[in-house]
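Chains, contacts and geometry: an overview
Given next are the chains, with one letter for each unit.
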Amino acid sequence: MVTSSLSTIGRSVLLMRAVTVAIVRGILRRDFAVGEMVGQAVALLRVTTIPALLVAVPFGAVVSVQVGALVDQVGANSLVGAASGMGIIRQGAPLATGVLIGGVCASAIAADLGSRAIREELDAMRVMGVDPVARLIAPRLLALVLIAPMLLIAIVAVAMLIALVVSLAKFGVSAGGFWSSFGAFSSTADLAFAVLKAESGAVIVAVVAGLRGLEARGGPRGVADAVNSSVVLSITLIFLSTLALTQVETMFFPSNVA
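Everything in this summary refers to the structure shown in the same document. On a predicted model such as this, the values are computed, not experimentally measured, just so you know. (Residues numbered from 1 in each chain as written. Predicted model: local features only at pLDDT ≥ 70, side-chain atom pairs only at ≥ 80, totals over all residues. Heavy atoms only, no water.)

**Brief notes about the environment of Gly 98**
Its place among the elements puts Gly 98 in helix α3 (residues 80-118). With a relative accessible area of 5%, Gly 98 lands in the buried category. Spatially, the C-alpha atoms of Gly 98 and Leu 113 are 21 Å apart, while their sequence positions differ by 15 residues. (Helix = DSSP H or I, 4+ residues; strand = E, 2+ residues; numbered from the N terminus. Buried < 20%, exposed > 50% of the residue type's maximum accessible area, 1.4 Å probe, protein only.)

Here you go:
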């Protein structure tokens, strides 16, 4: 078990290195598969936009109700906007983005690459001198890196609007007070770390799903196993990376609300 885990980590590191080399080499030689990257970005954005907006609604409502009830008990309703905003930007939106990418995008990438693998398309590409990593995985990684901030911003915007509506209806906070407290206590570092969390999740999904897809064997059953393992591993690693980045953020950029 330990040997297998270490072997998987090693292959992931090697794949990440190969993807990085392929991206740099493609940019320098001006032969990077830009069309594939744009096509994948559009396709992935099409299947994740509506789920992202739907996920943002309960996140915004739950965060607003929880922090609003807490500050209401201590008579600090003026801080509802700040507390809701920090909860959404620092934790809610990055986690929602990561789970969404890890669920939808990881399954799509692993299924596509796994299907190509069992049909021996990847072997045919290698025979023709085409590197599957440069042609298929590198564009998908950059596509995920491109759409991750878009999904994050969409989730933040919808969640904040829902939090505003809940605060107005339940706690009697004015719209001006809500946005004023949010702007007073938020900082660019909060948004920067939120984007960093989303981008780290995008890289994790591309590497994990790419590796599982390339190594798919055994027909349709192998593709299904690759999709399942890529989703589980991606979401698990996204939670761990988000936790690590949150600890770094808390150490060097503590919340002003606290």
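Moving on, there is more to tell.
**Considerations on the nonpolar core**
General note: in soluble globular proteins, nonpolar side chains tend to be found buried as a group. Counting 64 residues, the largest nonpolar core has Leu 15, Val 19 and Leu 144 as its most contacted members. Of all the secondary structure elements, the ones that give two or more residues to this core are α1 (2-29), α2 (34-73), α3, α4 (121-127), α5 (132-170), α6 (175-185), α7 (188-214) and α8 (220-252). Other than its neighbours up to four places away in sequence, Leu 144 contacts Leu 44, Ile 101, Cys 105, Ile 109, Glu 199, Ala 202, Val 205 and Ala 206. (Core = buried A, V, L, I, M, F, W, Y, C linked by side-chain atoms within 4.5 Å. Contact = heavy atoms within 4.5 Å.)

**Section: the packing of aromatic side chains**
The way to describe two aromatic rings as a pair is by their centre distance and the angle between their planes. All told, the structure shown has two aromatic pairs when counted by the stated rule. Between the aromatic rings of Trp 179 and Phe 182, the centroid separation amounts to 6.2 Å while the plane-to-plane angle is 75°, which identifies the pairing as edge-to-face. Here Trp 179 pairs with Phe 182, and both are found in helix α6, just three residues apart, close to one helical turn. Of the residues examined, Trp 179 reaches a relative accessible area of 36% and is grouped as partly exposed. Each residue in the set Phe 178, Trp 179 and Phe 182 is aromatic and connected to the rest through ring pairs, giving one cluster. (Phe/Tyr/Trp six-rings, centres within 6.5 Å; stacked < 30°, edge-to-face > 60°.)

**A closer look at unusual backbone geometry**
Phi at Arg 30 is positive, roughly 60°, even though this residue is not glycine. With respect to the helices, strands and loops of the structure, Arg 30 is situated in the loop between α1 and α2. Positive phi is not limited to glycine here, since Glu 120 has a value of about 65°. Within the secondary structure, Glu 120 is located in the loop between α3 and α4. According to the relative accessible area criterion, Glu 120 is exposed, its value standing at 54%.

**Focus: α7**
Compared with an ideal rise of 1.5 Å per residue, which puts 27 residues at 39 Å, α7 spans 39 Å between its outermost C-alpha atoms and is within 8% of the ideal. Of all 27 residues in α7, 20 are buried, a share of seventy percent or more. (Expected span 1.5 Å × (residues − 1).)

**Quick word on the side chain of Thr 8**
Mapping Thr 8 onto the fold places it in helix α1. Note on Thr 8: relative accessible area 16%, which makes it buried. Not counting residues up to four positions away in its chain, the partners in contact with Thr 8 are Leu 211 and Arg 212.

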